[in-house]
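# Observations on the model geometry
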Amino acid sequence: MNQSNPVRVRFAPSPTGRMHLGSARTALYDYLLARRLGGQFILRIEDTDRKRFVPGAEQELIEGLRWLGLHYDEGPDIGGPYGPYRQTERQEIYLRWANELVERGHAFYCFCPPDRLEKVRQEQLKNKQPVRYDGTCRHLDPDEARRRVRAGERHVIRFKMPYEGETRAVDALRGEIVWQNRDLDDAILLKSDGLPTYHLAAMADDYEMKITHVIRGSEWLSTFPLHVNLIRALGWPEPVWIHLSVFLKPSGKGKMSKREAAAALNDGYSIFIKDLKELGYIPEGVLNWIVLMGWGVAEDDVMTLEEMVQRFDIRNLNPAPAAINFSKLDHFNGTHIRRLPADDLARRIKPYFERAGYSVDDTLLLRIVPLIRERLVTLDDCLPFAGWFFKDNVTPAPETLVPKGLTPAEAASVARRVYDLLAALPEITHASAEPPLRALVEALGLTPNQVFGLLRVAVTGQAVSPPLFESMELLSRETILARVQNAIALLERM
RNA sequence: GCCCCCAUCGUCUAGCGGUCCAGGACGGAGCCCUCUCAAGGCUCAAACAGGGGUUCGAGUCCCCUUGGGGGCACCA
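Residues numbered from 1 in each chain as written. Chains lettered and ligands numbered in written order. Predicted model: local features only at pLDDT ≥ 70, side-chain atom pairs only at ≥ 80, totals over all residues. Heavy atoms only, no water.

All right, on to the pattern of salt bridges then. Applying the stated rule across the entire model yields 38 salt bridges. Its salt-bridge partner being Asp186, residue Arg138 comes within 2.8 Å of it at the nearest N-O pair. Highlighted residues: Arg138 in the loop between α4 (114–126) and α5 (142–150) and Asp186 in the loop between β6 (175–180) and β7 (188–190), separated in sequence by 48 residues. Judged by relative accessible area, which is 4%, Asp186 ranks as buried. Of the charged contacts, one joins Glu374 and Arg375 as a salt bridge, the two residues approaching to 3.6 Å between their closest N and O atoms. Members of the salt-bridge network, linked through shared partners, are Arg10, Arg44, Glu46, Arg90, Asp205 and Asp206. (Salt bridge = Lys/Arg side-chain N within 4 Å of Asp/Glu carboxyl O. Helix = DSSP H or I, 4+ residues; strand = E, 2+ residues; numbered from the N terminus. Buried < 20%, exposed > 50% of the residue type's maximum accessible area, 1.4 Å probe, protein only.)

Spelled out as structure tokens, the structure:
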């Protein structure tokens with residue numbers, strides 16, 4: 001690689017499914033590497049598989065990247081100097097290189113029908129032989145092959161893998177890897193539909209787009225020798241290769257499966273980025289979580305995207321598979337929520353209240369935020385903690401008003417004393433209400449828990465709430481008195 | 001079956017031959033704080049897969065075993 005060239009890193013997903021943790025992490029590392037080294041981050045859509053194409057998948061990818069804050073410099077929706085950035089729009093390029101490979105003797109036309117290939121495969125499997133192409137068309141006379149192609153015979157183009165010797169390639173995380181060429185296969189580069197396979201398309205695009213670092217999943221390790229041989233056959237510069245490990249299911253036993261994904265959702269988690277967003281996770285938390293799955297930092301593991309850029313170094317990447325740990329996601333999400341400025345958090349939770357049907361006063365919301373900030377794991381936790389602020393009246397279950405150790409009648413009596421005390425105050429604030437109420441607790445020979453608990457349920461309608469006095473301060477005196485009055489009535493009716 | 005990769009607390013990891021009776025984080029346990037729930041503080045339990053080498057010395061290098069993972073498509 002020529003060090004004087006700018007670093008260019010690409011995220012190249014295929015629009016065949018949903019954006020999940022694995023793709024997000026790859027994109028994140030791509031982004032971090034590009035930003036860290038002052039280069040460009042490119043989005044390229046690998047849509048050459050028309051059978052598996054999923055409408056809307058590209059949009060989810062783009063929205064996912066935007067939500068995470070992983071902004072790219074070039075991509076299908078924003079263009080760039082090396083476009084187009086969708087492989088189906090670059091078909092001529094692959095055709096040209098495939099022909100070039102054939103001309104140079106590094107690839108050959110193959111007319112083998114799929115059903116024959118399948119039979120060969122079964123035979124090899126049965127005989128416990130390595131499964132690969134048997135080489136039938138490899139030694140066809142080139143002129144004869146060209147004639148058949150011109151005649152319109154259905155064909156593919158295969159790479160002519162050397163039969164002897166070995167292939168060596170370097171992965172940045174694992175060092176040099178060696179393959180015996182006799183174990184390698186004559187992979188298809190150009191399908192009979194005229195579209196390239198990943199092998200040709202990705203390599204050609206990486207070359208055309210001047211990609212300097214390839215970060216991809218370890219599932220590409222097995223075709224790694226094919227890719228380097230292809231690149232070398234064409235004399236292209238070799239990028240730095242980085243093969244990331246896969247994610248394992250939470251137990252660490254086996255990879256993430258459909259079944260596991262469903263199980264996660266059942267527990268209130270998800271491996272899909274869009275779901276995570278809807279579950280109330282914030283990009284800061286998600287990013288911090290996934291960046292550490294495969295990247296080790298000695299200390300200070302709470303980071304913003306900017307801090308990740310400053311600290312990122314591919315030498316710290318871990319090639320070992322990593323098990324997904326959702327409780328760590330909760331931790332990072334809560335931590336980053338707490339770090340948000342009040343107005344920012346207010347802006348982010350406002351939609352949750354509105355979706356619940358409340359009309360939200362921004363001034364009140366801004367005063368609520370400090371009360372619930374350290375209680376939120378996900379954004380939607382704001383509802384159980386603070387939804388009651390926006391209700392005109394609350395309706396506690398009568399039995400929840402009765403403190404431990406007291407009868408309903410005793411509770412009613414306590415409530416009346418509390419009412420009298422609050423009614424005597426010209427205004428009810430944290431400062432004005434707490435001292436006399438504590439004195440009352442003392443005088444009644446009860447615990448703060450008993451009295452404040454009753455008041456909490458009376459005022460908020462629930463047993464768990466933000467701090468009582470701070471919460472009451474946000475309510476009008478009339479509201480508080482009316483709710484305590486209501487509680488007394490409820491208790492008297494028990 | 002064949003090829004390739006990986007291996008430190010339950011999990012994510014630090015460690016790049018001596019500073020490691022192995023450090024941090026999540027989770028767990030306990031204590032403190034406390035009006036509930038949290039947050040926060042303190043403490044504790046918890047790991048170098050096994051076996052051979054190399055070396056004065058190995059978690060750190062090599063080999064084997066075991067275990068885990070990926071791949072073996074006209075999918076990416």
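As a further point, take the environment of Glu123. Summarising the element assignment, Glu123 is placed in helix α4. Exposure remark for Glu123: the relative accessible area of 40% places this residue in the partly exposed category. Put simply, Glu123 and Thr429 are 306 residues apart on the chain and 84 Å apart in space, counted from C-alpha to C-alpha.

The subject of this paragraph is the confidence of the model for chain A. Regions with low pLDDT should not have their predicted coordinates read in detail. Averaged over all residues, the pLDDT of chain A equals 95, while 99% of them reach at least 70. Here the prediction assigns the complex a pTM of 0.95, and the interface score ipTM is 0.95. (pLDDT = per-residue confidence, 0-100.)

In the region of RNA strand B, 67 residues are neighbours, and Lys191, Lys255, Arg375, Arg438 and Arg456 sit closest. Sugar and phosphate atoms represent 71% of those atoms of RNA strand B found within 4 Å of the protein. For RNA strand B, a sugar or linking oxygen lies 2.6 Å from a polar atom in the side chain of Arg174. Ser222 places a polar side-chain atom, nitrogen or oxygen, 2.7 Å from a sugar or linking oxygen of RNA strand B. Taken together, the elements giving at least two residues each to the surface near RNA strand B come down to α4, β6, β11 (322–323), α12 (326–339), α18 (448–460) and α19 (468–472). Grouping the constituent residues of the surface near RNA strand B by class yields 31 nonpolar, 16 polar and 20 charged. (Near = heavy atom within 4 Å. Polar contact = N/O pair within 3.5 Å; in protein donor to acceptor, adjacent residues only side chain to side chain. Nonpolar A, V, L, I, M, F, W, Y, C, P; charged D, E, K, R; others polar.)

Bringing the nonpolar core into the picture now. Within the largest apolar cluster, 60 residues are counted, with the highest numbers of intra-cluster contacts made by Ile349, Ile372, Phe389, Leu422, Leu437, Leu455 and Met472. Elements with a minimum of two residues in this core: α13 (342–355), α14 (362–372), α15 (382–386), α16 (408–423), α17 (430–444), α18, α19 and α20 (477–492). Two domains each donate at least three residues to this core, and these are domain 3 (342–380) and domain 4 (398–492). (Core = buried A, V, L, I, M, F, W, Y, C linked by side-chain atoms within 4.5 Å. Domains from an automatic or database assignment.)

This paragraph deals with helix α6 (residues 198–208). Across the eleven residues of α6, nine count as buried, placing the element largely inside the fold. When α6 is considered as a whole, its buried residues turn out to be Tyr198, His199, Leu200, Ala201, Ala202, Met203, Ala204, Asp205 and Asp206. Against the buried residues of α6 lie β1 (8–11), α3 (91–103), β7, β8 (213–217), α7 (224–234) and β9 (240–244). Lys210, located one to two residues past α6, shows a positive phi value of around 55°. (Contact = heavy atoms within 4.5 Å.)

Here we come to the packing of α16 against α18. One way to put it is that α16 packs onto α18 with a least axis distance of 10 Å and a crossing angle of 75°. Our classification of the angle between α16 and α18 gives roughly perpendicular. Contacts between α16 and α18 involve Ala411, Val414, Ala415, Val418 and Leu422 on the former and, on the latter, Val451, Leu454 and Leu455. Residue classes in the contact of α16 with α18 are distributed as eight nonpolar, no polar and no charged. (Axes fitted to C-alpha atoms, helices over the stretch in contact; angles between N-to-C directions. Parallel < 35°, antiparallel > 145°, perpendicular 65-115°, else oblique.)

For the rest of this paragraph, the subject is the sheet that holds strand β4 (residues 156–159). The three strands lie next to each other as β3-β4-β7, forming an open sheet whose pairing is antiparallel. Where the open sheet ends on each side, the last strands, each with one partner, are β3 (107–110) and β7. Ignoring which end each strand starts from, the neighbouring axes of this sheet average 40° apart. Of the strand pairs in this sheet, β3 and β4 are connected by four bridges, and their pairing is antiparallel. Residue pairing for β4: Cys110 is matched across the bridge by Val156. On the sheet, α3 packs against β3, β4 and β7 and is oriented at approximately 105° with respect to β3. (Pairing = 2+ DSSP bridges.)

With that out of the way, let us pick up the packing of helix α10 (residues 283–291) against α12. Here α10 crosses α12 at 135°, and the two axes come no closer than 8 Å. If you check the angle between α10 and α12, you find them oblique. Judged by the sense of rotation from one axis to the other, the crossing of α10 with α12 is right-handed. Across from Glu284, Gly285, Val286, Asn288 and Trp289 in α10, the residues of α12 making contact are Phe326, Lys328, Leu329, Phe332, Asn333 and His336. Counted by class, the contact of α10 with α12 contains five nonpolar, four polar and two charged residues. (Left-handed = near helix turned anticlockwise from the far one by under 90°.)

For the structure shown, the criterion picks out 16 aromatic pairs. Pairing Tyr269 with Phe326 gives two aromatic rings, centres 4.7 Å apart and planes at 10°, and the pair type is stacked. In this pair, Tyr269 is assigned in the loop between α8 (258–266) and α9 (273–278) and Phe326 in helix α12, connecting sequence segments 57 residues apart. The same class applies to Tyr269 and to Phe326, which are both buried. (Phe/Tyr/Trp six-rings, centres within 6.5 Å; stacked < 30°, edge-to-face > 60°.)

Residue Pro84 is bonded to the preceding Gly83 through a cis peptide linkage, with omega at -5°. For Pro84, the location among the structural elements is in the loop between α2 (57–68) and α3. The phi torsion at Lys210 lies on the positive side, around 55°, for a residue other than glycine. Inspection of the secondary structure assignment puts Lys210 in the loop between α6 and β8.

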